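Take a look at the letters that make up each chain.
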Amino acid sequence: MMAGRRPVVAGNWKMHLDVQGAAALARDVVRATSLARWCDVAVMPSAPLIAGVARVLEGTSVEWGGQDLAAEAQGAYTGDVSAAQLVSLGCRWVIVGHSERRKYHLEGDDVVKAKTVRALGAGLTPITCVGEQLSERKAGQTLHRIETQVRFGLGGLAPADAERVVIAYEPVWAIGTGETATPAQAEEVHEYIRRLWASMYGDTLAAKVRILYGGSVKASNAAELMGQKDVDGALVGGAALSANDFGEIVKAARV
Ligand code: PEP
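Residues numbered from 1 in each chain as written. Predicted model: local features only at pLDDT ≥ 70, side-chain atom pairs only at ≥ 80, totals over all residues. Heavy atoms only, no water.

Contacts to the ligand come from 14 residues, most closely from Lys14, Glu170, Gly176, Ser216 and Gly238. Within the side chain of histidine 98, a nitrogen or oxygen atom sits 2.8 Å from an oxygen atom of the ligand. Between glutamate 170 and the ligand, the recorded distance is 2.7 Å, taken from a side-chain N or O atom to an oxygen atom. Its residues assigned to classes, the shell around the ligand shows four nonpolar, eight polar and two charged. (Near = heavy atom within 4 Å. Polar contact = N/O pair within 3.5 Å; in protein donor to acceptor, adjacent residues only side chain to side chain. Nonpolar A, V, L, I, M, F, W, Y, C, P; charged D, E, K, R; others polar.)

As structure tokens, then:
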């Protein structure tokens, strides 16, 4: 983490909880993070739970967002959630291109790009995810894979959007597995993404863009990961379902 870039700690609640459970967790997250002024804190519940969570978080320092959005603005897209609907729920954030969306809903970089642009156009801050498979890492193709995802999923943005978008590096082999990238493995990719951003958008925007790490971030490893120069926060899955653990991760984001 470097002074000048405000850290982000975001909790991806995935397809967990119900209306009551989500409201209770949101209340506990407010308590556990109430003194955190040093970073952006956000939680992403499933779409049907957002309204209830918003009622709890309104007026607190914890923001909220969606886990996905439709690439289309509106229309006959059964089951999908639009950017405008998220905005009307008070969302400030939305995760885009999570590896579970890429895997189970076959989202490619073109869809990820369309969704990212849609989110930005609606005033949401997308947290757009990239990350290599274990087989790609073993084959020495990690940086090549990341380059493809960044160029095709996040290329051609307007400068203001290239500054606002948040990138999450989430090695697929580290998501939900308990296996975390080492701080050095994370920093290697984060630094690479920042250099790539510089080549795409210039040094000034590259110095500003926030790049989060995700993949089995826990209270016990968060400080070391976020202590890396180019790691500007965390996208947290499993540990975000515990307000205490999430609160500890937020504390670890203090520069
Ligand atoms: C995620 O879903 O983005 C994630 C990083 O999950 P976990 O922390 O459980 O690995």
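Below, the discussion takes up unusual backbone geometry. The phi dihedral of leucine 17 is positive, around 75 degrees, even though this residue is not glycine. Here leucine 17 lies in the loop between β1 (8-12) and α1 (19-33). For leucine 17, a relative accessible area of 39% gives the class partly exposed. In the Ramachandran plot, serine 216 falls in the positive-phi region, its phi being about 55 degrees despite a non-glycine side chain. Among the structural elements, serine 216 can be located in the loop between β7 (210-214) and α11 (222-226). You can call serine 216 buried: its relative accessible area is 16%. (Helix = DSSP H or I, 4+ residues; strand = E, 2+ residues; numbered from the N terminus. Buried < 20%, exposed > 50% of the residue type's maximum accessible area, 1.4 Å probe, protein only.)

Below, the discussion takes up the pattern of salt bridges. Under the defined criterion, the tally for this structure stands at 22 salt bridges. Glutamate 147 is the partner of arginine 151 in a salt bridge, and the nearest nitrogen-oxygen pair spans 2.8 Å. Of this pair, arginine 151 and glutamate 147 both sit in helix α7 (residues 142-154), four residues apart, roughly one helical turn. For arginine 151, a relative accessible area of 39% corresponds to the partly exposed category. Three or more residues are tied together by salt bridges with common partners; here these are Arg5, Glu187, Arg194, Lys229, Asp230 and Asp232. (Salt bridge = Lys/Arg side-chain N within 4 Å of Asp/Glu carboxyl O.)

Our focus in this paragraph is the environment of lysine 208. Summarising the element assignment, lysine 208 is placed in helix α10 (residues 203-208). On the basis of relative accessibility, which here comes to 41%, the residue lysine 208 falls in the partly exposed class. For the pair lysine 208 and methionine 2, spaced 206 residues apart in the sequence, the C-alpha separation amounts to 10.0 Å. Leave out the neighbours within four places in its chain, and lysine 208 touches Arg5 and Glu163. (Contact = heavy atoms within 4.5 Å.)

Following the criterion strictly, the structure yields one cavity of 30 Å³ or more and no others. Around the largest cavity, the lining residues are Gly97, Ser99, Arg102, Cys129, Val130, Gly131, Glu170, Val172 and Ile175. Looking at the lining of the largest cavity, the elements with two or more residues in it are α4 (99-104) and β5 (125-130). Across the lining of the largest cavity, the residue classes tally to four nonpolar, three polar and two charged. (1 Å grid on protein atoms, 1.4 Å probe; cavity = no way out; pocket = protein on both sides within 12 Å on 5 of 7 lines; lining within 4 Å. Points joined across faces, edges and corners; volume = space filled by probe spheres on them.)

With that settled, the discussion passes to helix α12 (residues 243-252). Of the residues making up α12, those classed as buried are Ala243, Phe246, Gly247, Ile249, Val250 and Ala252. Where α12 is buried, its residues touch β1, α1, β2 (40-44), α11 and β8 (233-236).

Here α1 is 15 residues long and its end C-alpha atoms lie 21 Å apart, about the 21 Å a rise of 1.5 Å per residue gives. Here α1 has its buried residues at Ala22, Ala23, Leu25, Ala26, Val29 and Thr33. Down the axis of α1, the smallest arc covering the buried residues is 165 degrees, so these residues share one side. Along α1, the residues that are exposed and aim more than 90 degrees away from the buried face are Gln20 and Arg31. (Expected span 1.5 Å × (residues − 1). Arc of directions from axis to C-beta.)

Partitioning the protein chain into structural domains gives domain 1 (82-129) and domain 2 (134-162 + 172-237). The centre of domain 1, based on its C-alpha atoms, is set 17 Å off from the matching centre of domain 2. Counting residues at the interface gives 15 residues for domain 1, matched by 13 residues for domain 2. Of the roughly 1,000 Å² buried between domain 1 and domain 2, counting both surfaces, carbon and sulfur atoms make up 68%. Taken as a group, Asp109, Lys113 and Leu120 account for 43% of the area that domain 1 buries against domain 2, more than any other trio of residues on that side. Counting the contacts that link domain 1 with domain 2 gives zero salt bridges. One can count one residue pair in polar contact (both at pLDDT 80 or more) joining domain 1 with domain 2. (Domains from an automatic or database assignment. Buried area = accessible area lost by both parts, 1.4 Å probe.)

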